[in-house]
Amino acid sequence: TQEESKNFLSKALSKTFSSIKNVVPQKKEKISFDEIEELLIESDVEYEIIEKAMNGLPDMITRKQLRHRLVMLFEHAPEVNLQNTKPFVRLIIGVNGAGKTTTIAKLANNLKRNGQSVILGAGDTFRAAAIEQLSTWAEKLNIPIIKTKQGHDASAVAFDTISAAISRNIDNVIIDTAGRLQTQTNLNNELKKIVKVCSKALPDAPHQKLMILDGTQGNSAIAQAKAFNEIVGIDGIIVTKLDGTAKGGALFSISNQLELPIFYIGIGEKENDLIEFSPDNFVDSLLD
Ligand code: GDP
């Protein structure tokens, strides 16, 4: 239920929220501009975003007004219609260390828990360790995986994974990609090629290009995402490592600066540590 998922979010991001609770007196109906500013700065929201949220509001504002303004900061791209597309192909993009492999495992596990079938494509053919790590997860979660040797063509892996999903009647395809820094022309070309080859395997694929961002990295994560967005166009964000940090306010900056929706947040290293992100629940937890 809505209440359950709100409680879950509050608990998962307790460090972020508890630092804020010290700032704003509980149950106060009207909050002053200064208090709001402190609340947002405390949760690591950038000043520019605070100004945008508060623009045109009176000195004392109600919680309801504030809530509305904060939720608005997250409202961006249209929801993708997940229905009637089978297999649904997700391409996972992000720099090494952001939590790409772990997030793929969590996402696959979430889908499986919801009764859907999944196949993984080990498309980070640049690193042998990435292929091994994803294979280990696949084995643990009992999910099929398509892979080749290190150094082989990543787009061939993408093509084979989608083809396998079609022939085996699998609901979801999740394809990993290499995560070298985006300044390398090779990676740019490789990503573009993977996207093109996906659409050869299945028209309209990939249906979602998801960017994995380390939530503790602040502005540098945003800069990375901007660069990837220019190369292939990102549809949505998954922010990782938000457990144990007081920096949950970075979610405002990430969504607002990139003008992209946040689909999930990562709150730990285990397969169940991925939760759907809801702006309403997040802002409610912040203001409760
Ligand atoms: P990749 O290089 O992008 O594939 O990153 P990995 O998936 O290997 O993750 C890098 C490290 O971050 C690993 O130690 C993961 O266990 C850890 N990690 C990933 N997501 C989370 C998260 O949401 N919370 C925490 N605490 N650790 C995470």
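Residues numbered from 1 in each chain as written. Predicted model: local features only at pLDDT ≥ 70, side-chain atom pairs only at ≥ 80, totals over all residues. Heavy atoms only, no water.

Draft legend 1. Seen up close, helix 6 (residues 100-113). Taking 1.5 Å per residue as the helical rise, helix 6 with its 14 residues ought to reach 20 Å, and the 20 Å between its terminal C-alpha atoms agrees with that figure. When you tally the buried positions in helix 6, you get 12 out of 14 residues, the bulk of the element. In the segment just after helix 6, Gly115 is the residue with positive phi, at about 85 degrees. (Helix = DSSP H or I, 4+ residues; strand = E, 2+ residues; numbered from the N terminus. Expected span 1.5 Å × (residues − 1). Buried < 20%, exposed > 50% of the residue type's maximum accessible area, 1.4 Å probe, protein only.)

Draft legend 2. Looking closely at the site of the ligand. Taken together, 18 residues surround the ligand, and among them Gly97, Lys100, Thr101, Thr102 and Glu269 come closest. At 2.7 Å, a backbone N or O of Lys100 approaches an oxygen atom of the ligand. Within the contact set of the ligand, an oxygen atom lies 2.6 Å away from a side-chain nitrogen or oxygen of Glu269. Isolated, the ligand exposes 580 Å² of accessible area, and the fraction of that covered by the protein chains is 79%. (Near = heavy atom within 4 Å. Polar contact = N/O pair within 3.5 Å; in protein donor to acceptor, adjacent residues only side chain to side chain. Areas by Shrake-Rupley, 256 points an atom, 1.4 Å probe, with all protein chains shown as cover.)

Draft legend 3. The UniProt feature "domain: SRP54-type proteins GTP-binding" (unreviewed entry) in the chain, seen in detail. Residues annotated in UniProt with the feature "domain: SRP54-type proteins GTP-binding" (unreviewed entry) correspond here to residues 261-274. Helix makes up 0% of residues 261-274 and strand 43%. Its end C-alpha atoms lie 16 Å apart. (UniProt positions renumbered as here; feature names shortened; annotations may be inferred.)

Draft legend 4. Focus on the pattern of salt bridges. Under the criterion given, the structure shown has eight salt bridges. Put simply, Asp176 and Lys100 hold a salt bridge, and the shortest N to O gap is 2.9 Å. Here Asp176 is found in strand 6 (residues 172-176), whereas its partner Lys100 is found in helix 6, with 76 residues between them in sequence. Classification of Asp176 as buried rests on a relative accessible area of 1%. Between Asp214 and Lys241 there is a salt bridge, with the nearest N and O atoms lying 3.3 Å from each other. Taken together, the positions of Asp214 in strand 7 (residues 208-214) and Lys241 in the loop between strand 8 (236-240) and helix 11 (250-258) put the pair 27 residues apart, joining distant regions of the chain. Judged by relative accessible area, which is 10%, Asp214 ranks as buried. Linked by salt bridges that have partners in common, Arg67, Asp280 and Asp284 make up one network. (Salt bridge = Lys/Arg side-chain N within 4 Å of Asp/Glu carboxyl O.)

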